[in-house]
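Take a look at the letters that make up each chain.
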Amino acid sequence: MNETLNTLFNHVSVREYLDRKVDDETLNLILKAACSGSTMGNMQLFSVIVTRDEAMKQKLAPLHFNQPMATKAPLILTFCADFRRFNRYCEFRDAETEAYSNLQSYHWAVIDALIAAQNACVAAESLGLGFCWLGTITYNVDKFIEVLNLPKHVIPVACIPMGYPVAKPALTQKLPVEAMVHYETYQDYDKEKIDHLYAEKESSEETQQLLRENNLPNLAQIFTQKRYVKADNEHFAKVLLDALKKQGFMQ
Ligand SMILES: Cc1cc2nc3c(=O)[nH]c(=O)nc-3n(C[C@H](O)[C@H](O)[C@H](O)COP(=O)(O)O)c2cc1C
């Protein structure tokens, strides 16, 4: 197996970091990897906010619901869908700017930001760092916009604390590859297929322990009743829609 595949196949989220800084040379390699990926029309519709300052981490921490990675990691990269820079370029070259003030533009910018984020992650792992994405960046988007001083046409989409791992955790159990793959056309999931694809995950000791702790009959109900609850999802969807309007991506 080559080194790239080895890095990819051994990915695991790391939530505890050594008290060791990420030096500028390493950071710059990660940033260069982030900026080297495919991008819509080569417009590079993303930005990365580098957080290293302790005071800034403390400001952001409550927005990440005080997850320890948000303060303990030496480095945090926040990737934003960003049409600001390209719109400014158009503005200063007498090109039409309103062409990119719509949901389609946001969609492109999100894709670019996620490609950049994943490139940064692969680079970081290949350099011996560990990281853990923080989904909390997608919750109170409006507050992150304020604290990070994001102008119109910029929305944060991925936040990734990084550092040197205290220890390399065991690989996380995943669904079999066949669960995600469809050949030629989409093959929908009936009960039999779902039973088959989730069998291993459902019978694992980790799942059994979660069921005992939560006193619930299955993993799906842990998701819908505990982890990502409808009322919260609907609330944060509204926050996101409002932010999309405020940032100029929707009327
Ligand atoms: C969009 C996204 C948001 C995530 N948010 C969190 C988070 O807020 N806290 C956390 O501990 N892990 C978070 N994770 C990490 C996932 O839990 C982890 O990637 C998943 O369980 C698979 O494990 P692995 O990364 O070790 O393969 C997030 C991952 C992604 C891609």
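Structure first, text after, so check above.
The sections below set out a description of the structure shown in this document. (Residues numbered from 1 in each chain as written. Predicted model: local features only at pLDDT ≥ 70, side-chain atom pairs only at ≥ 80, totals over all residues.)

**A few points about the overall build of the chain**
So, point 1. Of regular secondary structure, the chain possesses 11 helices and 4 strands.
So, point 2. Seen through its principal axes, the chain has C-alpha atoms that stretch 60 × 45 × 40 Å.
So, point 3. Residue burial in the chain is summarised as follows: out of 251 residues, 25% are buried.
So, point 4. Considering only residue pairs separated by 6 or more positions, the chain has 80% of its internal contacts joining residues 24 or more positions apart. (Helix = DSSP H or I, 4+ residues; strand = E, 2+ residues; numbered from the N terminus. Buried ≥ 20, exposed ≤ 12 C-beta atoms within 10 Å, placed from the backbone. Contact = placed C-beta atoms within 7 Å.)

**A look at the site of the ligand**
So, point 1. The environment of the ligand is formed by His11, Val12, Ser13, Arg15, Gln67, Cys132, Trp133, Leu134, Gly135, Thr136 and Thr172.
So, point 2. Class assignment of the residues belonging to the shell around the ligand gives a composition of 4 nonpolar, 6 polar and 1 charged. (Near = placed C-beta within 6 Å. Nonpolar A, V, L, I, M, F, W, Y, C, P; charged D, E, K, R; others polar.)

**Focus: the packing of helix H9 (residues 205–214) against helix H10 (residues 219–227)**
So, point 1. Axis separation between H9 and H10 bottoms out at 10 Å; the angle between their running directions is 50 degrees. Here H9 is positioned oblique relative to H10, judged by the angle of their axes. Here the hand of the crossing between H9 and H10 comes out left-handed. In this structure, H9 uses Thr207, Leu210 and Asn214 to contact H10, whose residues at the interface are Leu219, Ile222 and Lys226.
So, point 2. Residue classes in the contact of H9 with H10 are distributed as 3 nonpolar, 2 polar and 1 charged. (Axes fitted to C-alpha atoms, helices over the stretch in contact; angles between N-to-C directions. Parallel < 35°, antiparallel > 145°, perpendicular 65-115°, else oblique. Left-handed = near helix turned anticlockwise from the far one by under 90°.)

**Observations concerning helix H6 (residues 103–126)**
So, point 1. Between its first and last C-alpha atoms H6 spans 35 Å; for 24 residues at 1.5 Å apiece the expected length is 34 Å, and the two agree.
So, point 2. Taken as a whole, H6 has its buried residues at Ser105, Tyr106, Ala109, Asp112, Ala113, Ala116, Ala117, Ala120, Cys121, Ala124 and Glu125.
So, point 3. Phi turns positive one or two residues past the end of H6, at Gly128, with a value near 90 degrees. (Expected span 1.5 Å × (residues − 1).)

**Things to note about unusual backbone geometry**
So, point 1. In the Ramachandran plot, Glu184 falls in the positive-phi region, its phi being about 70 degrees despite a non-glycine side chain.
So, point 2. Secondary-structure assignment places Glu184 in the loop between strand S4 (154–163) and helix H8 (191–203).
So, point 3. Despite not being glycine, Asn215 has its phi angle at roughly 55 degrees, a positive value.
So, point 4. Its place among the elements puts Asn215 in the loop between H9 and H10.
So, point 5. Judged by the 6 C-beta atoms lying within 10 Å of it, Asn215 is exposed.

**Details of the sheet that holds strand S1 (residues 46–51)**
So, point 1. Ordered in space as S1-S2-S4-S3, the 4 strands form an open sheet in which the pairing is antiparallel. Strands at the two margins of the open sheet, each flanked by one partner only, are S1 and strand S3 (130–131). (Pairing = 2+ DSSP bridges.)

**Observations regarding the environment of Gln173**
So, point 1. The residue Gln173 is located in the loop between S4 and H8 in this model.
So, point 2. Counting along the chain gives 27 residues from Gln173 to Glu200, while the straight-line C-alpha distance between them is 8.9 Å.
So, point 3. Dropping the residues within four chain positions of it, Gln173 is found in contact with Lys201, Ser204 and Glu206.

**Observations regarding the packing of helix H2 (residues 24–34) against H6**
So, point 1. For the pair H2 and H6, interaxial distance at closest approach is 7 Å and the crossing angle is 140 degrees. The angle between the axes of H2 and H6 places the two elements in the oblique class. Once H2 is placed against H6, the crossing between them reads as right-handed. Between H2, through Leu29, Ile30, Ala33 and Ala34, and H6, the contact on the second element is made entirely by Ala116, Asn119, Ala120, Ala123 and Ala124.
So, point 2. In terms of residue class, the contact of H2 with H6 is built from 8 nonpolar, 1 polar and no charged.

**As for the environment of Met56**
So, point 1. Considering the arrangement of structural elements, one finds Met56 in helix H3 (residues 54–60).
So, point 2. Through-space distance from the C-alpha of Met56 to that of Thr71 is 9.3 Å; in sequence the pair is 15 residues apart.

**Examining the nonpolar core**
So, point 1. Counting residues in each nonpolar core, the largest one holds 47 residues, and the members touching the most others are Phe79, Cys80, Ala81, Ala113, Ala120, Ile160 and Met162.
So, point 2. Per-element tally for this core: the top contributor is H6, with 8 residues.
So, point 3. Filtering out sequence-adjacent residues up to four positions away, Met162 remains in contact with Val22, Ala73, Leu75, Leu77, Ala124, Leu129 and Phe131. (Core = buried A, V, L, I, M, F, W, Y, C linked by C-beta atoms within 7 Å.)

**Side note on the pairing of S4**
So, point 1. Of all 10 residues in S4, 10 are buried; the element is thus mostly enclosed.
So, point 2. As paired elements, strand S2 (residues 75–82) and S4 share 8 bridges and run antiparallel to each other. Opposite Cys80, over in S4, you have Pro156 as the bridge partner.
So, point 3. Strand direction decides the pairing type here: S3 and S4, joined by 2 bridges, are antiparallel. Bridge pairing in S4 places Gly130 opposite Gly163.

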